[in-house]
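Here are the chains, one letter per residue:
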Amino acid sequence: KNKSVAAKLVRAYLSTMTRLVNDSGGVVRSFDGDRVMGIFIGGSKNSNAAKCALKMNYVVKEILAPQAKAKFTSLKDFNLTHCAGVSRSEVLVVRGGVRGSNDLVFVGSAPNIAAKLSEIRDGSYRSYIDWKVHSYLHDDAKYGGKDKKHMWIKTKRTIAGAEWELYKSSWQWTP
């Protein structure tokens, strides 16, 4: 409706998601519309990325969406939602383009699968990881709450013509 409000909301969302990636041990490498691509490396990369996805869920649901509705009356019928996708693979990074107009290009399944996972809208599930990420999670990224319940539900989905074993979560992690 209002381009100025939309611009402010997108800017706040991208800024906040970038801070969450950086604070979780990742580095933002690109933006694609409202999508933020974070890269996580090191010994706890899978757990850090999965927890970051849960933090994003908390921040969008508990902070950004309520503040946006309170500040912008034009958003009263708008529901701010998101989804985070996490995948792992070897990735080839090359500089592509022409001199003066080039960028890093990430070639591998992880960037593509993570992007596909971030497009899913399935009820209250807002965080998706593939089976490879799940197999490397530390216990604190798998189990939550006083009862140490498994935060991830196993599911399957066809992505790029192949069936993928995934884990989805509606849990939130307070940053």
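Fair warning: this is a prediction, and the values are worked out from it, not measured in the lab.

Reading guide: rules and limits
- Residues numbered from 1 in each chain as written.
- Predicted model: local features only at pLDDT ≥ 70, side-chain atom pairs only at ≥ 80, totals over all residues.
- Heavy atoms only, no water.
- Helix = DSSP H or I, 4+ residues; strand = E, 2+ residues; numbered from the N terminus.
- Buried < 20%, exposed > 50% of the residue type's maximum accessible area, 1.4 Å probe, protein only.
- Polar contact = N/O pair within 3.5 Å; in protein donor to acceptor, adjacent residues only side chain to side chain.
- Contact = heavy atoms within 4.5 Å.
- 1 Å grid on protein atoms, 1.4 Å probe; cavity = no way out; pocket = protein on both sides within 12 Å on 5 of 7 lines; lining within 4 Å.
- Points joined across faces, edges and corners; volume = space filled by probe spheres on them.
- Nonpolar A, V, L, I, M, F, W, Y, C, P; charged D, E, K, R; others polar.
- Pairing = 2+ DSSP bridges.
- Axes fitted to C-alpha atoms, helices over the stretch in contact; angles between N-to-C directions.

Chemist: Explain the side chain of serine 118 to me, please; I cannot follow it from the model alone.
Modeler: Structurally, the position occupied by serine 118 is in the loop between helix 3 (109-117) and strand 6 (127-130). Looking at serine 118, the relative accessible area reads 12%, which means it is buried. Here arginine 35 takes part through its side chain, which lies 3.2 Å from a polar atom of the side chain of serine 118. Once residues lying within four places of it in the same chain are set aside, the contact partners of serine 118 are Arg35, Cys83, Ala84 and Gly85.

Chemist: What exactly am I supposed to notice about empty space enclosed by the protein here?
Modeler: The rolling of a water-molecule-sized probe over the atoms marks out the regions of remaining empty space. Applying the stated criterion across every chain yields a total of one cavity of 30 Å³ or more. Its boundaries defined by the atoms lining it, the largest cavity holds a volume of some 30 Å³. Around the largest cavity sit Ala65, Ala68, Lys69, Leu75, Phe78 and Leu80, which together line it. Looking at the lining of the largest cavity, its residues break down into five nonpolar, no polar and one charged.

Chemist: Help me out: how do you make sense of the pairing of strand 5 (residues 101-107) in this one?
Modeler: The side chains of a regular strand alternate, first on one face of the sheet and then on the other. Pairing between strand 4 (residues 92-98) and strand 5: seven bridges, direction antiparallel. Looking across to strand 5, one finds that leucine 92 is bridged to valine 107. Linking strand 4 back to strand 5 in an antiparallel pair, the connection comprises two residues, with glycine 100 at a positive phi of about 85 degrees.

Chemist: When you look at the sheet that holds strand 9 (residues 153-159) in this model, what are you seeing that I'm missing?
Modeler: Through backbone hydrogen bonds, the strands of a sheet pair up, either in parallel or in antiparallel fashion. Sheet architecture is open: four strands sit in the order 3-6-10-9, paired in mixed fashion. At either margin of the open sheet sits one strand with a lone partner, and together these are strand 3 (84-86) and strand 9. Mean inter-strand twist for the sheet, computed between neighbouring axes without regard to direction, equals 30 degrees. As defined by bridge partners, strand 3 adjoins strand 6 across three bridges and the pair is classed as parallel. Bridge assignment links valine 86 to a residue of strand 6, and that residue is isoleucine 129. Across the sheet, helix 3 is in contact with strand 3, strand 6, strand 9 and strand 10 (162-169); its angle to strand 3 comes to roughly 150 degrees.

Chemist: What am I meant to see in the environment of asparagine 46 here?
Modeler: In this fold, asparagine 46 is placed in helix 2 (residues 45-71). Residue class for asparagine 46 comes out buried when judged on its relative accessible area of 6%. Sequence-wise, asparagine 46 and cysteine 83 are 37 residues apart; in three dimensions their C-alpha atoms are separated by 17 Å. In this structure, asparagine 46 is in contact with Arg88, Val133, Tyr136 and Leu137, ignoring residues within four places of it in sequence.

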